[in-house]
Amino acid sequence: MKVFKDIMSGDEMLSDSYGEEVDGPFVEAEGAYMMKDTGVAGFECGEEGVEDGVVRVIDIVDAFKLQEVAFDKKQYQAHMKGYLQAMKAELEADGKPEAADELVAQAKSVIAGVLGKADELSFYMGENLQENSMVVLVEWDAEGIPTFMYWRHGLMEEKY
């Protein structure tokens, strides 16, 4: 099994069991809802037909302990500026100047697109919410299925 970690934070973000695909600057994976037992008696999820102690979660969020974060356009833009500077320096230090240049070139148009539809997206970060770490974009389709988009150059692969 391959696990993908955020280069900046070391947080586990995704594994190959989610059918990841590379699409331009992103590695994408489709999430799915599942029911999870909280182990807390009397905990009510609020959904009809669901037992006490059970909640509805997104599999990728639950498996990798991703944390949803709220960004307005200015906050996202400021975070990405710091992230891209840190990533560029990290890639160059790892002897990957071409990847650093590609990341910066692709990021400008992607960020402009994200800012244009920020209200339609969700944003997640790794478990530790480390400054200058990756922000995962989540786009929802008409049926409410989430697609998680990870910055390709911001992931390192580990085999288990």
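Residues numbered from 1 in each chain as written. Predicted model: local features only at pLDDT ≥ 70, side-chain atom pairs only at ≥ 80, totals over all residues. Heavy atoms only, no water.

With respect to the side chain of His-79
Within the secondary structure, His-79 sits in helix α2 (residues 73-93). Using a relative accessible area of 13% as the deciding quantity, one classes His-79 as buried. (Helix = DSSP H or I, 4+ residues; strand = E, 2+ residues; numbered from the N terminus. Buried < 20%, exposed > 50% of the residue type's maximum accessible area, 1.4 Å probe, protein only.)

Here we look at helix α3 (residues 97-116)
Here α3 spans 29 Å end to end across 20 residues, near enough to the 28 Å set by a 1.5 Å rise per residue. At Ala-107, α3 shows its maximal bend, which comes to roughly 30°. Buried within α3 we find Ala-99, Ala-100, Leu-103, Gln-106, Ala-107, Val-110, Ile-111, Val-114 and Leu-115. On its buried face, α3 sits against β4 (26-30), α2, β8 (121-125), β9 (136-140) and β10 (146-151). (Expected span 1.5 Å × (residues − 1). Bend = angle between axes of the 7 residues up to and from the residue. Contact = heavy atoms within 4.5 Å.)

Quick look at the sheet that holds strand β11 (residues 155-159)
Read from one edge to the other, the open sheet built from three strands follows the order β2-β1-β11, with strand pairing classed as antiparallel. With partners counted over all chains shown, the strands left at the sheet margins are β2 (12-15) and β11, one partner each. Direction aside, the axes of adjacent strands within the sheet are offset by 30° on average. Pairing of strand β1 (residues 2-6) with β2 involves three bridges; the strand directions are antiparallel. Bridged to Lys-5 within β2 is Glu-12. (Pairing = 2+ DSSP bridges. Axes fitted to C-alpha atoms, helices over the stretch in contact; angles between N-to-C directions.)

Description of the layout of surface pockets
The space that makes up the largest pocket amounts to roughly 220 Å³. Its residues assigned to classes, the lining of the largest pocket shows eight nonpolar, one polar and four charged. (1 Å grid on protein atoms, 1.4 Å probe; cavity = no way out; pocket = protein on both sides within 12 Å on 5 of 7 lines; lining within 4 Å. Points joined across faces, edges and corners; volume = space filled by probe spheres on them. Nonpolar A, V, L, I, M, F, W, Y, C, P; charged D, E, K, R; others polar.)

So, the packing of aromatic side chains
Within this structure, the stated rule accounts for six aromatic pairs. Aromatic side chains Tyr-18 and Phe-64 sit 5.9 Å apart centroid to centroid with 65° between the ring planes, which places their arrangement in the edge-to-face category. Of this pair, Tyr-18 sits in the loop between β2 and β3 (21-23) while Phe-64 is found in helix α1 (residues 59-64), placing the two residues 46 residues apart along the sequence. Here the two residues Tyr-18 and Phe-64 agree in accessibility, since each one is buried. Geometrically, the ring pair formed by Phe-26 and Trp-151 is tilted, given 4.9 Å between the ring centres and 50° between the ring planes. In this pair, Phe-26 is assigned in strand β4 and Trp-151 in strand β10, connecting sequence segments 125 residues apart. Given a relative accessible area of 7%, Phe-26 falls into the buried group. Exposure remark for Trp-151: the relative accessible area of 0% places this residue in the buried category. Here the aromatic residues Phe-71, Tyr-76 and Phe-123 are joined through ring pairs into a cluster of three or more. Across the ring face of Tyr-33, the terminal group of Arg-56 is positioned such that the distance to the ring centre comes to 3.7 Å. (Phe/Tyr/Trp six-rings, centres within 6.5 Å; stacked < 30°, edge-to-face > 60°. Lys NZ or Arg CZ within 6 Å of the ring centre and 35° of its normal.)

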